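Given next are the chains, with one letter for each unit.
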Amino acid sequence: MQHLSVKQQLDSFCKRKYFNLESSHYLNGAYMSPLPIVTESAGIEGMRRKRIPVHLTKDHFFLHKKLVRERFSQLLHINSPKNIALIPSVSYGLSIIANNTPCTFKKDIIVVEDEFPSVYYTWKKYSERHSAHLKIAKRPKAIENRGTAWTDTILNLIDENTHIISIGNIHWQDGSLFDLKRIAEKAHCFEALLVIDATQSAGVIDINVNELKPYALLASSYKTLLGPYSMAVGYFSDALCLGEPLEENWINRHRSDNFSELTQYQDQYREGAERFDVGESSNFILMPMLAESLKLLLNWGVNDIQHYCQYLSNYLVEKLRPFNIQLINNSERGSHYLGISISQFDLSMLNKVLSDANVIVSVRGNFMRVSLHAFNNIEDCDALVDALQYVLLKQENNILVSA
Ligand SMILES: Cc1ncc(COP(=O)(O)O)c(C=O)c1O
């Protein structure tokens, strides 16, 4: 058998051939992931099925939902698909959680500074409604060891008054890595509820729900999960699974698969978190798409994807080192994320040069957000480095790039 070096093995891991990325250097999965080819095909098949709906059988109302529940629970290392709900967005899932979580004597809700708006607004409103205190864990000024320093700030806020901690594995703007294991441990010590937003991490960072024991975990489908827009998946712990859904739809009720007897109204919901599924969640186009994306991620292996992204981002960091760009240390950020401070760049020049080189990234807050996934390769990293080097050289020499 041919012996491959670690580098060759990592290079051969690249999954670009599963996508149709043409000539773009797409380093922007944190904004919106591209669709794998099999996912796109599943969507087209779903559309075609409705051309003559005789091809849409009763099974289609349930089959792909079951697959998504099974595959997402497998991704989280749990064997209880019944704890998974199929929802349209993270904000929808957060509303379910907020509506089903009473607030009595423990009044502190902890979120991080510059938290994603859907998360911030939910807990702000909750705090106003329940006279609770929204506590913001400030972003540390120093860049290098930001993940650890920020985790420490959060840990220092957790005490006997903490009711809820709502946080992601990483910060969505600069990629700072939060130590969820330590945060979960302290949260559980004080019986605080941990709500995880895994939108920027599920599928790229290995998340073990058995270990973290969150109250709930939510993830949009269209980023690291490589799925379609307008879909999200949520893990709801048993404590939440007896809660009130946001809506009363027919398919979430007991025996809804018995189409001829739907008006034998049922007081009981279907099992577990299924009561929280959004109306028309069978979505014959999007649900099969998400099922395909999850299958790919499971086949590739989350740990291997994470390892591969680490390899690419370490490569990027080494290449950027001579330019004195301040970066968060490798172990202190998500391995698929690099937040580059934009303060040192002429933004309009940077945008033009990146666009000419077909390098796609996004700017969030004060950071140029570079995000990696299994579809990226060394050429994408080189194209970004070349573009940044070009801009820095031009700036140094004070030369304008014509718009
Ligand atoms: C960290 C994070 N959470 C959640 C979302 C999506 O939220 P929603 O589904 O409410 O639109 C995004 C989208 O950019 C995000 O970056």
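Heads up: these notes are all about the structure in this document. For clarity, every value in this text was computed on a predicted model and none was experimentally measured.

Following the criterion strictly, the structure yields 19 salt bridges and no others. Of the charged contacts, one joins Glu274 and Arg270 as a salt bridge, the two residues approaching to 2.7 Å between their closest N and O atoms. Neither residue differs from the other here; Glu274 and Arg270 are each classed as buried. We note a salt bridge from Glu318 to Arg321, for which the minimum N-O separation is 2.7 Å.

Another aspect to go through is the side chain of Ser341. By the secondary structure assignment, Ser341 is in strand β9 (residues 337-341). Judged by its relative accessible area of 14%, Ser341 is buried. Among the polar contacts listed, one links the side chain of Ser341 to the side chain of Ser343, at a separation of 3.0 Å. Setting aside residues up to four positions removed in sequence, Ser341 forms contacts with Asn366 and Phe367.

In this section: the site of the ligand. What surrounds the ligand is the set Ser89, Val90, Ser91, Phe116, Ser118, Trp172, Asp197, Thr199, Gln200, Ser220, Tyr222 and Lys223. In the environment of the ligand, an oxygen atom lies 2.7 Å from a nitrogen or oxygen atom belonging to the side chain of Ser118. Side-chain polar atom of Asp197 to a nitrogen atom of the ligand: 2.6 Å apart, as the coordinates give it. When grouped by side-chain class, the residues that make up the shell around the ligand number four nonpolar, six polar and two charged.

Glancing now at the sheet that holds strand β12 (residues 367-371). Sheet architecture is open: three strands sit in the order β9-β12-β11, paired in antiparallel fashion. Edge strands, defined here as strands with exactly one partner in the open sheet, are β9 and β11 (362-364). The sheet shows a mean angle of 35° between the axes of neighbouring strands, taken without regard to direction.

In contact at an axis separation of 8 Å, helix α2 (residues 37-49) and helix α9 (residues 286-300) are set at 160° when each is read in the N-to-C sense. Taken together, α2 and α9 sit at an angle that is classed as roughly antiparallel. Handedness of the crossing formed by α2 with α9: right-handed. For the pair α2 and α9, the contacting residues are Val38, Thr39, Ala42, Gly43 and Arg49 in the first and Pro288, Met289, Glu292, Ser293 and Leu296 in the second. Of the residues in the contact of α2 with α9, the class split is five nonpolar, three polar and two charged.

This next bit is on helix α6 (residues 146-157). The terminal C-alpha atoms of α6, which comprises 12 residues, lie 17 Å apart, in line with the 16 Å expected from a rise of 1.5 Å per residue. Where α6 is concerned, the buried positions are Arg146, Gly147, Trp150, Thr151, Ile154 and Leu155. Buried positions in α6, seen along its axis, are confined to an arc of 165° and lie on one side of it. Packed against the buried residues of α6 are β3 (108-112), β4 (133-137), β5 (162-168), α7 (180-189) and β12.

What follows is about the nonpolar core. Among the nonpolar cores identified, the biggest contains 90 residues, and Phe72, Ile154, Ile183, Ile340, Met368 and Leu384 are the most heavily contacted of them. Discounting chain neighbours no more than four positions away, the residues touching Ile340 are Leu320, Ile325, Leu327, Phe345, Asn366, Phe367, Met368, Val370 and Leu388. Among the nonpolar cores identified, the runner-up in size contains 27 residues, and Ala85, Tyr92, Ala216 and Ala273 belong to it.

This part takes up the sheet that holds strand β2 (residues 84-87). Sheet strands line up and pair through hydrogen bonds in the backbone, either parallel or antiparallel. Spatial ordering of the open sheet is given by β2-β8-β7-β6-β5-β3-β4, a layout of seven strands whose pairing is mixed. Strands at the two margins of the open sheet, each flanked by one partner only, are β2 and β4. Strand after strand, the sheet turns through a mean of 20° between neighbouring axes, direction not considered. Of the strand pairs in this sheet, β3 and β5 are connected by three bridges, and their pairing is parallel. Paired with Ile109 across the strands is Ile164, a residue of β5. Contacts from helix α3 (residues 63-75) reach β2, β7 (216-220) and β8 (232-236) within the one sheet, and its direction differs from that of β2 by about 125°. Of the strands in this sheet, β3, β4 and β5 touch α6, which is tilted by about 155° from β4.

Reading guide: rules and limits
Residues numbered from 1 in each chain as written. Predicted model: local features only at pLDDT ≥ 70, side-chain atom pairs only at ≥ 80, totals over all residues. Heavy atoms only, no water. Salt bridge = Lys/Arg side-chain N within 4 Å of Asp/Glu carboxyl O. Buried < 20%, exposed > 50% of the residue type's maximum accessible area, 1.4 Å probe, protein only. Helix = DSSP H or I, 4+ residues; strand = E, 2+ residues; numbered from the N terminus. Polar contact = N/O pair within 3.5 Å; in protein donor to acceptor, adjacent residues only side chain to side chain. Contact = heavy atoms within 4.5 Å. Near = heavy atom within 4 Å. Nonpolar A, V, L, I, M, F, W, Y, C, P; charged D, E, K, R; others polar. Pairing = 2+ DSSP bridges. Axes fitted to C-alpha atoms, helices over the stretch in contact; angles between N-to-C directions. Parallel < 35°, antiparallel > 145°, perpendicular 65-115°, else oblique. Left-handed = near helix turned anticlockwise from the far one by under 90°. Expected span 1.5 Å × (residues − 1). Arc of directions from axis to C-beta. Core = buried A, V, L, I, M, F, W, Y, C linked by side-chain atoms within 4.5 Å.

Purely geometric numbers; function is a separate question.
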